[in-house]
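So the chains spell out like this:
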Amino acid sequence: QVQLVESGGGLVQPGGSLRLSCAASGSIVSISSMGWYRQSPGKERELVATIAAGGSTNYADSVKGRSTISRDNAKNTVYLQMDSLKPEDTAVYYCNARLSLYTSGSRYAWYWGQGTQVSVSS
């Protein structure tokens, strides 16, 4: 069993900042990629940013330069620092992780959190 819990969402004014956190727990052998996706009403879930175990990152063009993804491997936690927020950043943000469990024969699979709401409005 694995659980990913997001936190840090909320209401912020345009130009403001938020820091999202996601902690993974369970019988985890290892975690490769971790990342953030988002989904707003009427739109498909889209990638925001990902980070590999070694620290390499990639960002969606829409957030590049405004967001920073990081991770703490000791805590199985991934963060997303979001600055200069825009109304179009409003969405539910979902944490995801590619990880293996002791009960899965070291096979990797993708897991998702329940999401945290980010609302950018004046």
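The model shown is predicted, which means the values in this text are computed figures rather than measured ones.

Undergrad: Help me out: how do you make sense of the nonpolar core in this one?
TA: One recurring pattern in soluble globular proteins: nonpolar side chains tend to sit buried together. Ranked by internal contacts, the top residues of the largest apolar core, which has 29 residues, are Trp36, Val78, Leu80 and Tyr93. It is strand β9 (residues 91-101) that contributes the most residues to this core, 6 residues altogether. Ignoring anything within four residues of it in the chain, the contact list for valine 78 reads Leu20, Ser21, Cys22, Met34, Trp36, Ile51, Ile69, Ser70, Arg71 and Cys95.

Undergrad: Teacher, can you tell me more about empty space enclosed by the protein here?
TA: Picture a little ball the size of a water molecule; that probe, rolled over the atoms, points out where space is still empty. Tallied over the full model, the rule gives 1 cavity of 30 Å³ or more. Empty space within the largest cavity amounts to approximately 50 Å³. Its residues assigned to classes, the lining of the largest cavity shows 1 nonpolar, 3 polar and 5 charged.

Undergrad: Even after reading the chapter, I still don't get the packing of aromatic side chains, so can you show me in this structure?
TA: Geometry of an aromatic ring pair is reported as the spacing of the ring centres plus the angle between the planes. Summed over the entire model, instances satisfying the criterion amount to 1 aromatic pair. Considering the side-chain rings of tyrosine 37 and tryptophan 112, the 5.1 Å spacing of their centres and the 70° angle between planes classify their relative orientation as edge-to-face. Residue tyrosine 37 is found in strand β4 (residues 28-39), and its partner tryptophan 112 is found in strand β10 (residues 108-112); the two are separated by 75 residues along the sequence. Classification of tyrosine 37 by relative accessible area gives partly exposed; the value is 22%.

Undergrad: Looking at this structure, I do not really get the pairing of strand β3 (residues 18-26). What am I missing?
TA: Regular strands show a simple pattern: their side chains alternate between the two faces of the sheet. Bridge count for strand β1 (residues 2-7) against β3 is 6 bridges, and the pairing is antiparallel. Residue pairing for β3: valine 2 is matched across the bridge by glycine 26. Pairing of β3 with strand β8 (residues 77-82) involves 6 bridges; the strand directions are antiparallel. Its bridge partner lying in β8, leucine 20 is registered against leucine 80.

What counts and what doesn't
- Residues numbered from 1 in each chain as written.
- Predicted model: local features only at pLDDT ≥ 70, side-chain atom pairs only at ≥ 80, totals over all residues.
- Heavy atoms only, no water.
- Core = buried A, V, L, I, M, F, W, Y, C linked by side-chain atoms within 4.5 Å.
- Buried < 20%, exposed > 50% of the residue type's maximum accessible area, 1.4 Å probe, protein only.
- Helix = DSSP H or I, 4+ residues; strand = E, 2+ residues; numbered from the N terminus.
- Contact = heavy atoms within 4.5 Å.
- 1 Å grid on protein atoms, 1.4 Å probe; cavity = no way out; pocket = protein on both sides within 12 Å on 5 of 7 lines; lining within 4 Å.
- Points joined across faces, edges and corners; volume = space filled by probe spheres on them.
- Nonpolar A, V, L, I, M, F, W, Y, C, P; charged D, E, K, R; others polar.
- Phe/Tyr/Trp six-rings, centres within 6.5 Å; stacked < 30°, edge-to-face > 60°.
- Pairing = 2+ DSSP bridges.

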